Amino acid sequence: MNSAADTIAAVASAPGAGGVGVLRVSGPHAGAIARAFLGRAPTPRHAHYAAFRDRDRALIDRGLLLWFPAPHSYTGEDVLELQAHGSPVVLRLLLACCLELGARHARPGEFSERAFLNGKLDLAQAEAVADLIASGSEAAARAAQRSLDGVFSARVHALTEAVIGLRVWIEAAIDFPEEEIDFLAAPQLATDLAAIRADLADLLAAARRGVRLADGLHVVIVGRPNVGKSSLLNALAASERAIVTDIAGTTRDVLREAIDLDGIALTLVDTAGLREAGDAVEAEGIRRARAELERADLALLVSDDAHADADLALLAGLPPGAAQLVVHNKIDLAGATPHAQTLDGRTHLWLSARSGAGLDLLVAELQRHAGTAEAGEGAFTARARHVAALERARDHLAAADDALTVQRAGELAAEELRQVQHALGEITGEFTPDDLLGAIFSSFCIGK
Ligand code: GDP
């Protein structure tokens, strides 16, 4: 699929009038293209001011030419970067020149894919490039930058090293059958295995937070009619941090509004239909409301504090899975003060959507769930695929533990540990099938 022998070119940035447009070229012809534009050999990592001319020597634009010879470049290949005015026409003309000089159009993500294939980035880092570009909040951008820096990968590598250490020990034991049982019963082995399991559990929790950071938290607001769901969403939307978006194509009976609060996506679902289905229309409403809730990370149940019992009965009808947060609204009517309390393992908040009292408690709670509040030092972005791989690693590790401590079956434990290593290797791309690589990189933008 990827031949390092060809040269790719793409517009990496075209911000329109006023900004700088960037054209990037990578591959063996990049040097010849650079010389054609500059009229001589470029100096590595030096900004040349150049007149960019077409084949007929007509001036297209003047700008900067930068030359990064292999292997000291983003892709690890010879890379040429042209910075011109951010006009789509200028950039198209420059790109056409590069194509005439032997380059071809780059596919989406092909620069990052080459960086991965040349060992410049591992797969988790390459994915962080796309996550950084797509980040919807400051916290997400900073966390993506940490993944790109290799914070996540380093933790995966440390675990892999520890697993390899265990495998070496166990495989040595298998080679000496008369002593195998003693080897496998060594307390150090059990201690090491327990430490690895604890580290993996930590990393899995951090990766789950990382997915929420990258994707935002999907919160679905549910509750009976007139409890104040819309008012609450509007109150949140009035915050300076909120971006209000209309979701097209959604029906009025289920999805009414959505806002993005600091990278947290909130969707209002009218769950009148969560009650028993009366007719076909209501059955459809139930189906959609449930589908929304099943995709949600957090269900925000709104109740009118004066009638909380009836509202709380709805809790039983919510699909399991998503975390639940209960809001007791309209406390202004009883003159109560805003507060938070944990009841039956759920956080309950007392507030007023109308007066705004207690909204800060809700925002803080949403941020806590989204991981943005705890996105301090060390937080990194991750993807669902990473979480799935870590879950597989966790399960094989549990099986290895059982094989060792209960069954004292060295061969079995070694095989389980091999699977752990394989699952971890999928995250960084050591064991990743080509079709998966294709799917990952094709979701990138062109020029990245
Ligand atoms: P929804 O059907 O759950 O979306 O409820 P709405 O947001 O449309 O609110 C229903 C009614 O309750 C409206 O008249 C709101 O003005 C009122 N309401 C909403 N929140 C509050 C609140 O905190 N205090 C008071 N007093 N009234 C509220």
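Everything in this summary refers to the structure shown in the same document. (Residues numbered from 1 in each chain as written. Predicted model: local features only at pLDDT ≥ 70, side-chain atom pairs only at ≥ 80, totals over all residues. Heavy atoms only, no water.)

## Description of the pattern of salt bridges
To keep things clear, this is the line we draw: In what follows, salt bridge is the name for a side-chain nitrogen of Lys or Arg lying within 4 Å of a carboxyl oxygen of Asp or Glu. Only DSSP runs of H or I covering at least 4 residues are called helices, and only runs of E covering at least 2 are called strands; the numbering of each starts at the N terminus. For every residue, the accessible area (1.4 Å probe, protein chains only) is compared with the maximum for its type, and the residue is labelled buried under 20%, exposed over 50%, or partly exposed between those bounds.
The final tally for this structure, using the stated rule, is 19 salt bridges. Across the pair Arg 167 and Glu 171 runs a salt bridge, and its minimum N-O distance is 3.5 Å. Remark: Glu 171 and Arg 167 occur in helix 6 (residues 151-175); sequence separation between them is four residues, near one turn of the helix. Looking at Arg 167, the relative accessible area reads 17%, which means it is buried. In this structure, the salt-bridge partner of Asp 401 is Arg 197, at a minimum N-O distance of 2.7 Å.

## A look at the packing of helix 6 against helix 14 (residues 410-428)
The condition that has to hold: Where helices are involved, their axes are fitted lines through C-alpha atoms of the stretch in contact, as for all axes, and angles between N-to-C directions lie from 0 to 180°. Geometric relationships in this document are graded by angle, where less than 35 degrees denotes roughly parallel, more than 145 denotes roughly antiparallel, 65 to 115 denotes roughly perpendicular, and other angles denote oblique. Note on convention: the crossing is left-handed when the near helix lies turned anticlockwise from the far helix by less than a right angle, right-handed when the turn is clockwise. Under this grouping Gly is polar, as are all residues other than the nonpolar Ala, Val, Leu, Ile, Met, Phe, Trp, Tyr, Cys and Pro and the charged Asp, Glu, Lys and Arg.
It is at 9 Å that the axes of helix 6 and helix 14 come closest, and there the two elements cross at 160 degrees. By the angle between their directions, the pair helix 6 and helix 14 is classed as roughly antiparallel. Where helix 6 crosses over helix 14, the two elements pack in a sense that is left-handed. Among the residues making up the contact of helix 6 with helix 14, the classes are represented as 14 nonpolar, six polar and four charged.

## With respect to the sheet that holds strand 5 (residues 79-85)
Rules: Whether two strands pair comes down to DSSP finding at least two bridges between them. Between two residues, a contact is recorded if the distance between any of their heavy atoms is within 4.5 Å.
The strand order 3-4-5-2-1-6 describes an open sheet built from six strands, whose pairing is mixed. Two strands close off the open sheet at either side, each with one partner strand: strand 3 (48-53) and strand 6 (104-105). When strand 1 (residues 8-13) meets strand 6, the two strands line up parallel, connected through two bridges. Note that in strand 6 the partner of Ile 8 across the bridge is Arg 104. Helix-sheet contacts for helix 1 (residues 30-38) involve strand 2 (20-26), strand 3, strand 4 (59-68) and strand 5, and the interaxial angle to strand 4 is about 135 degrees. Here helix 2 (residues 88-100) sits on the sheet and contacts strand 1, strand 2, strand 3, strand 4, strand 5 and strand 6; the angle it forms with strand 2, its principal contact strand, is near 15 degrees.

## Observations regarding the site of the ligand
Keep this limit in mind: Being near a molecule or strand, for a residue, means having at least one of its heavy atoms within 4 Å of it. Any N or O atom pair separated by 3.5 Å or less is treated as a polar contact, with the protein-specific requirement of one donor-capable and one acceptor-capable atom, and with residues adjacent in sequence counted only for side-chain atom pairs. Under the convention used here, a 1.4 Å probe and the Shrake-Rupley method define accessible areas, while residue burial counts only the protein chains that appear.
In the neighbourhood of the ligand, 16 residues make up the surrounding shell, with Asn 226, Lys 229, Ser 230, Ser 231 and Asp 332 lying closest. Contact between the ligand and Ser 352: an oxygen atom at 3.0 Å from a side-chain N or O atom of the residue. Contact between the ligand and Arg 354: an oxygen atom at 2.9 Å from a side-chain N or O atom of the residue. Here the ligand, which alone exposes 570 Å², has 77% of that area covered by the protein. Looking at which element gives the most residues to the shell around the ligand, the answer is helix 9 (residues 229-237), with three residues.

## What about helix 1?
Short version of the rule: Taken from the helix axis, the directions to the C-beta atoms give the arc we talk about.
Those residues of helix 1 that fall on the buried side of the exposure criterion are Ala 30, Gly 31, Ile 33, Ala 34, Phe 37 and Leu 38. Along the axis of helix 1, the buried positions cluster into a sector of 160 degrees, meaning they face one direction only. As for helix 1, its buried residues are in contact with strand 2, strand 3, strand 4, strand 5 and helix 2. Remark: Gly 39 follows helix 1 within two positions and exhibits a positive phi of approximately 85 degrees.

Everything listed here is a matter of coordinates, which is why it stays silent on function.
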